Protein chains: 6
Amino acid sequence: MKKKTSKPVLRLGLPKGSLQAATLEKMAKAGFHISVSSRSYIPYVDDDELEIRLIRAQEVSRYVEHGYLDCGITGHDWIVENGSDVHEVGEFLFSKATRQPARWVLAVPEQSPIKTVKDLEGKRIATEVVQLTRRFLRRNRVKAEVEFSWGATEVKAHELVDAIVELTETGSSLRANKLRIVETILASTPRLISNRLAWQDSWKRRKIENLAMLLRGALEAEAKVGLKMNVPEKKLPKLLQSLPALRNPTISTLSQAGWVAVETIIDEHVVRVLIPQLKAAGAEGIIEYPLNKVVY
Amino acid sequence: MKKKTSKPVLRLGLPKGSLQAATLEKMAKAGFHISVSSRSYIPYVDDDELEIRLIRAQEVSRYVEHGYLDCGITGHDWIVENGSDVHEVGEFLFSKATRQPARWVLAVPEQSPIKTVKDLEGKRIATEVVQLTRRFLRRNRVKAEVEFSWGATEVKAHELVDAIVELTETGSSLRANKLRIVETILASTPRLISNRLAWQDSWKRRKIENLAMLLRGALEAEAKVGLKMNVPEKKLPKLLQSLPALRNPTISTLSQAGWVAVETIIDEHVVRVLIPQLKAAGAEGIIEYPLNKVVY
Amino acid sequence: MKKKTSKPVLRLGLPKGSLQAATLEKMAKAGFHISVSSRSYIPYVDDDELEIRLIRAQEVSRYVEHGYLDCGITGHDWIVENGSDVHEVGEFLFSKATRQPARWVLAVPEQSPIKTVKDLEGKRIATEVVQLTRRFLRRNRVKAEVEFSWGATEVKAHELVDAIVELTETGSSLRANKLRIVETILASTPRLISNRLAWQDSWKRRKIENLAMLLRGALEAEAKVGLKMNVPEKKLPKLLQSLPALRNPTISTLSQAGWVAVETIIDEHVVRVLIPQLKAAGAEGIIEYPLNKVVY
Amino acid sequence: MKKKTSKPVLRLGLPKGSLQAATLEKMAKAGFHISVSSRSYIPYVDDDELEIRLIRAQEVSRYVEHGYLDCGITGHDWIVENGSDVHEVGEFLFSKATRQPARWVLAVPEQSPIKTVKDLEGKRIATEVVQLTRRFLRRNRVKAEVEFSWGATEVKAHELVDAIVELTETGSSLRANKLRIVETILASTPRLISNRLAWQDSWKRRKIENLAMLLRGALEAEAKVGLKMNVPEKKLPKLLQSLPALRNPTISTLSQAGWVAVETIIDEHVVRVLIPQLKAAGAEGIIEYPLNKVVY
Amino acid sequence: MKKKTSKPVLRLGLPKGSLQAATLEKMAKAGFHISVSSRSYIPYVDDDELEIRLIRAQEVSRYVEHGYLDCGITGHDWIVENGSDVHEVGEFLFSKATRQPARWVLAVPEQSPIKTVKDLEGKRIATEVVQLTRRFLRRNRVKAEVEFSWGATEVKAHELVDAIVELTETGSSLRANKLRIVETILASTPRLISNRLAWQDSWKRRKIENLAMLLRGALEAEAKVGLKMNVPEKKLPKLLQSLPALRNPTISTLSQAGWVAVETIIDEHVVRVLIPQLKAAGAEGIIEYPLNKVVY
Amino acid sequence: MKKKTSKPVLRLGLPKGSLQAATLEKMAKAGFHISVSSRSYIPYVDDDELEIRLIRAQEVSRYVEHGYLDCGITGHDWIVENGSDVHEVGEFLFSKATRQPARWVLAVPEQSPIKTVKDLEGKRIATEVVQLTRRFLRRNRVKAEVEFSWGATEVKAHELVDAIVELTETGSSLRANKLRIVETILASTPRLISNRLAWQDSWKRRKIENLAMLLRGALEAEAKVGLKMNVPEKKLPKLLQSLPALRNPTISTLSQAGWVAVETIIDEHVVRVLIPQLKAAGAEGIIEYPLNKVVY
């Protein structure tokens, strides 16, 4: 509609709603700056080979499968729930804060007599992922009624149904609601998926692969930091030996005799353990700096 | 009023309102931390050689010309609209997201019979930049009525006037309002301007020049990133030759034989193209990191 | 309640309310990611050796003293106000914006006849720090009534009391309220404090010391930046001599003959003075980059 | 959990979310003051014979049918969509602003070739009311794919599906999205529904009937006003005859001879037509006043 | 565009922005319910003989004059500032809170030597109403430069210009900014204005007149209340005589012998003076109730 | 400062903060329209015999006692906590929603062994009302440590102290925090208080008394409604006899023979019980309308 050109364009679906701001920020880190206008449903992106659509995470895989989108980012859970036939290009890193995947879990009130999935026979379960839950019950040869929950599922577990299947990361919201986890049904991470036909098209495939590389580089960088320090030359071998986390560091000589500079890229969550050890091992002037992208 | 000292002070006008937050952030990146209180119209700045005033972008050039301010930051458009006689110290970078200057464009409804500026003869035009528009019409020997628009100009184009002159960056707001661009009247970028007398004063001039250098360094850094990678020594010449974007890299030897480290500063928007090429050319461990300032 | 394990855990109190967001951000920079739920008073932290409690800054030292918390972060002012008997582990850096500690000052209306603390004899003073103020008056052998102020203390100085004791950083809020500072009573910086018994426990003490090292590294990094530049080899000695701020730089040779790369860590607020000097001294390609942690 | 008493209690489900504030306001007008706490899912109500649950409008009928709630307020649409077997106690008034019921309509892009439901054969339709839509298609002997829409349905009509079934009141949101209404599928008004067993219980039934009477009285009052005026006695008959809207007025004599006071209750939306006519017919001192409840 | 019907329609311009919510509320009280959508610039109104446009108050009179609107509501100030040739249908009541019209006043800093308009000779004045101010200066035979102020005018008076012309109701914002009023230039109240041609059209004229009657009735009602009380019959004459504010009350006999009921409509701001007097004069059971409309 | 007039003025302190909006609304209902500016600490009121100060509810009684304010509105609790020697002019109605006074209660965790105040011996209690709590303990001959709580008191009960004294209305926040009420310490309602000297001044006293009358009238009106209905004349005696809530109704004859109009003022919370009874007793056309003031 916007232009009548034969220039190839890749249609990318991004999750709208609660994940939108985080996703646009990650796209910007990957190098693609998107701005959303309240007056138009087509966001602007500073790459005219790309067309962005913001779509509920629950629906992305459906429209990728049907070919309305060439590719999209969504969770593994909704791909499975929708049973979408798509090509999975890549999986991305877990949440930086918890370093754990989101999990759909079967939960019941703390005092509930339900201890295992077997105890659900003949019960009622509320959830947003009806298909996932039904499949899980079938696998366990349990017959129970599964009903779609429009929201506030956690509250329902106390009076309206016998159990729920709900998404959790750290479990703290479930604990705050006095619920107990019975079993994990599915762990889910974000995926980049492609329509099967689009994946055959060499131009689109390369574009998608590059996007995946840049996005993975940006996400990787969120969980990594750069670390530099000065080390007395003679303490270096022992330090490197005892700290395998410092893999493949760059060692360079300093103008100050007897000292070397050691630089490496490292998992951010390891730093809090490593820095005290480095200090103890004789390192000085330890500097940690942020990264935008890390591509191995 | 605040102090009775002979210490020299530079009065700097910054744009109030929609650009305020972004401007204060950029000033902080340049090294000047400003905090605005709701109770006082004089913001605090951590430099007692500086006095900040927040003034509408439309009015900055007027008060710099009259000498109430020594210098200020405002758009080229409003300097021209006001016809202000000031010294232009420097022009800053375009928006990071779009890498395009803002443009004042003549726009009409998509279905309008108006195709060129000549078709405006005898028509009515609404705009915030009345003088700019009148000058544009005179240049084109067209007689039309130009009226000042107090806001929501885009909506007026459909019923209240025949055409509008409005600011746009990507054109997406115009498109969402079903408007068509007829012609661009003026492209505008932010400028640092100085009062002509203040520019004669050597202390003030040096202060302004340093401010310009630091601010440009900070803005430059928003559009640049640092890039480091490891490259097999023998692949280096070809890689550098085929990728001229990697201008003047710092090459340093690594402790691992046969490999060198290549480091450079590069336009952020080039990275998304370059990284796939670097990978293909044999680079490994590619790291992109953010910059605060870049001063050549 | 959460777990029945003999695993040791450190209970850390962080200030709730206006300082909360800033403190959680600094903890994240130190490597500890905390997320607060509206449904639970126990925040999640990605370190199971740590338990976080969010407590008003005014009360942290009290609960550390009593042993409900092993350690906590709070201001020097509230430790003194509460007269808490705790071990002070470390002091942190001043505000980045103003580089000044917060101060509790005695203030009066601009036109008030009160010129020194002696003029307070028989007067009434409103303040949030009643004990601090009483001690200050005793030290000055002045008898005056001190009453607890529940808020909006600055406004009271004009009609309801004769003087106030209030917290200020830049003094701009006092100036906006037409108040004059008579004297500074206490300058206060954030402190990490420990319960005296917890400090005897070797596991807890090491955990607290590491936390202090990481937090100080993160705070230090907020006020520092990395600086790199290229310098003609022959200009280097003079440049280093004339710019002592560039202490202990890393000098490395460049592939381009006759040039060296100089890199150092430096106070952020010095940069705005230094960069113009470096340019004048022949430095080129000056790059400033942000840091996450600096641990000497 | 709250109390162990044999006192009878009626469990009432009210719609949570976008309709919540309006519903609680109407309940207050009916005489039941409810306050919702962010910490508890059980709202407070100043009637200990009542227990309130806030539940998504889409789910109320399901939980009333199952007996978890004795009665509830929800839309006719969701009762039908869920196919819930409940007793319908009463229907409430339409929106005050538009005096029209909400309608689920089949809509397509303005330029779409689809003109009637028959043109949907083999097409795809997105909607929140999947069952309603499937039933509508069956009635029209049309085969089409119906998929559940998680939101932003209007935007989908342009690219992702061929038609949508969406809720509208005035149609202005559809028009703003350049959509055309093909057919109305269901008009829906709010209903008070009861569980069939609860309706057998005489105490609960009376409680529900009284609630219905008060709620209807409150809603009725939103669309009515009181009107008083003074009329010359001799003009009265003609005035009453020509203005049948003034049904059953209360006529009372005034101390001023020859004048009577006329008072009545009238539809608010008629007033704007009636007042000019009353003035023309000789009425004076016309007063309109608001009502809290109207129970015939 | 919306419909192709010969049905007559009246185009009404209402002020957009800060007065919008208040105006829509008053229109609703007059009987016209308007709802504004963020997606469309044409608001919905429940009267298909009316079309609403929301336009900045500063511009309403211009578009009424040109005939793009049949009528509109705006301030007397902007009609004069624009010099618009329109028919003024009616003036509305002052603000309920202050019972004073808004006034454009000439103001200077408290300490300024400017005491009268004559002292402005050769000075600079900032204002939003440039034409009004120039006319005022000409009337006073004073030559001064008048410049358009884009906002925050009050702050400018202290440094950027010598005087301002600014809108005020109670003067408290000027006082808070340490400004002194020199003279009032124009008092302004809201007006309903009509295009001169539209006023010739009998259908439109009647529609506008009815709108004026209803709107005035609604505004009148905001400043009035109903008052009822019981009075001993023998105290009535003295009470009515001594309290002329009780004009034309309705007197009715009560079933309780010796008492009459007195009812009247009265200015709301008089009530706080009157009720103590009525109590003292023997009235009992005094009831004040709100009104929606008062049409004499 | 504002004016140099000998006109008498009454200084009234109103509670700032969470109760402010509600209090200003009630003052407006009483007939005094107050507007608060963010730039000035002196609110505007449309009565130049009144000067308003907004002061934290905790401090109002202190400043009334000292004479900085002539009178003020605050809670009974804070008058007692401060031990202020003031004249109490009047008590106002309870909350409309709950019809219960706010209560300061002693509360402990649900599982706590503390059953009565006696069990507090040697324990620690956190509260905002330290004096009230100490007095309560003395009365009960219990020795315990009472510490001032700066907020979030409910959370402290679980770990930091043994018991709390906290304000509650319905108890639902305590229940949500799993706390159990041990005893009520003080029930508190809003009071109008006067400085003892101001109460001697006849002008001030009359002004305060009138203010009390109007404010009580406005508050009374919040909890009352007007009720009108038509009743068959022969059913009237029985209806009045069986419904004593209908005290002192006004009975007037209707033009329709055999029917009378009955009108009365009644507690709002009784209506929901009364209307079904009235209907059953033969009343028709029952109208409930809102009141602004009720002064007996």
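Just above sits the structure.
Residues numbered from 1 in each chain as written. Chains lettered and ligands numbered in written order. Predicted model: local features only at pLDDT ≥ 70, side-chain atom pairs only at ≥ 80, totals over all residues. Heavy atoms only, no water.

Colleague: Can you lay out the sheet that holds strand β14 (residues 250-253) of chain F for me, pointing to particular residues and giving the numbers?
Modeller: By way of backbone hydrogen bonds, the strands of a sheet pair with one another, either parallel or antiparallel. In space, the five strands of this open sheet follow the order β17(D)-β16(F)-β13(F)-β15(F)-β14(F), with antiparallel pairing throughout. The open sheet has two free edges, formed respectively by β17 (293-295) of chain D together with β14 of chain F, since each of these has just one partner strand. Sheet twist, expressed as the mean angle between neighbouring strand axes with direction ignored, is 15°. With four bridges joining them, strand β13 (residues 224-232) of chain F and strand β16 (residues 284-289) of chain F adopt antiparallel strand pairing. From the neighbouring strand, F:Gly226 faces β16(F), where its bridge partner is F:Tyr289. (Pairing = 2+ DSSP bridges. Helix = DSSP H or I, 4+ residues; strand = E, 2+ residues; numbered from the N terminus. Axes fitted to C-alpha atoms, helices over the stretch in contact; angles between N-to-C directions.)

Colleague: Tell me about the pattern of salt bridges, residues and numbers included.
Modeller: Side chains bearing opposite charge may pair, as long as their charged atoms lie close to each other. All told, the structure shown has 144 salt bridges over all chains when counted by the stated rule. As a salt-bridge pair, F:Glu263 and E:Lys228 come within 2.4 Å of each other at their nearest N and O atoms. With F:Glu263 in strand β15 (residues 259-267) and E:Lys228 in strand β13 (residues 224-232), the pair connects residues from two separate chains. Here the salt bridges do not stand alone but share partners, grouping A:Glu59, A:Arg62, D:Arg124, D:Glu145, D:Glu147 and D:Lys156 into one network. (Salt bridge = Lys/Arg side-chain N within 4 Å of Asp/Glu carboxyl O.)

Colleague: Kindly report on the interface of chain D and chain E, identifying the contributing residues and their values.
Modeller: Counting from both sides, the interface comprises 26 residues of chain D and, opposite them, 27 residues of chain E. Carbon and sulfur atoms make up 55% of the surface buried where chain D meets chain E, a total of about 2300 Å² over both sides. When the buried area of chain D at its contact with chain E is split by residue, D:Arg272, D:Ile287 and D:Glu288 rank highest and sum to 26% of it. On the surface where chain D and chain E come into contact, there are three salt bridges. We note a salt bridge from E:Lys293 to D:Glu288, for which the minimum N-O separation is 2.4 Å. Residue assignment for the side of chain D that touches chain E shows that the elements contributing at least two residues are α6 (172-176), β13 (224-232), α10 (268-280) and β16 (284-289) of chain D. In terms of residue class, the side of chain D that touches chain E is built from 11 nonpolar, six polar and nine charged. In terms of strand pairing, β16(D) meets strand β17 (residues 293-295) of chain E through three bridges, oriented antiparallel. Bridge pairing links D:Ile286 to E:Val295 in β17(E). (Contact = heavy atoms within 4.5 Å. Buried area = accessible area lost by both parts, 1.4 Å probe. Nonpolar A, V, L, I, M, F, W, Y, C, P; charged D, E, K, R; others polar.)

Colleague: Give a detailed account of the side chain of A:Asn195, specifying residues and quantitative values.
Modeller: All names here are of chain A. Take Asn195: it is sitting in the loop between β12 (190-194) and α7 (196-200). At 3.2 Å, the side chain of Asn195 forms a polar contact with the backbone oxygen of Glu65. Apart from the residues within four sequence positions on either side, Asn195 is in contact with Val64, Glu65, His66, Gly67, Leu69 and Asp70. (Polar contact = N/O pair within 3.5 Å; in protein donor to acceptor, adjacent residues only side chain to side chain.)

Colleague: Account for a positive patch on the surface, naming residues and giving values.
Modeller: Positive charge collects at one region of the surface, where A:Arg134, A:Arg135, A:Arg138 and A:Arg139 lie side by side. Within the element layout of this structure, A:Arg138 appears in helix α4 (residues 130-139). (Patch = residues over 30% accessible without salt bridge, like charges linked within 9 Å, V, L, I, M, F, W, Y side chains within 5 Å. Areas by Shrake-Rupley, 256 points an atom, 1.4 Å probe, with all protein chains shown as cover. Lys, Arg positive; Asp, Glu negative; His and termini not counted. Charge placed at Lys NZ, Arg CZ, Asp CG, Glu CD.)

Colleague: Outline helix α10 (residues 268-280) of chain E, listing residues and values.
Modeller: All names here are of chain E. A bend of about 40° at Leu274 is the largest found in α10, and the proline Pro276 appears one to four places after it. Those residues of α10 that fall on the buried side of the exposure criterion are Glu268, Val271, Arg272, Leu274, Ile275, Pro276 and Leu278. Among the residues trailing α10, Gly282 stands out with phi positive, at a value near 105°. (Bend = angle between axes of the 7 residues up to and from the residue. Buried < 20%, exposed > 50% of the residue type's maximum accessible area, 1.4 Å probe, protein only.)

Colleague: Describe the environment of D:Trp203, naming the residues involved and giving the relevant values.
Modeller: Residue and element names in this part refer to chain D. Within the secondary structure, Trp203 sits in helix α8 (residues 202-222). As for Trp203 and Asn140, which are separated by 63 residues in sequence, their C-alpha atoms are 45 Å apart. Discounting chain neighbours no more than four positions away, the residues touching Trp203 are Pro8, Val9, Leu10 and Glu49.

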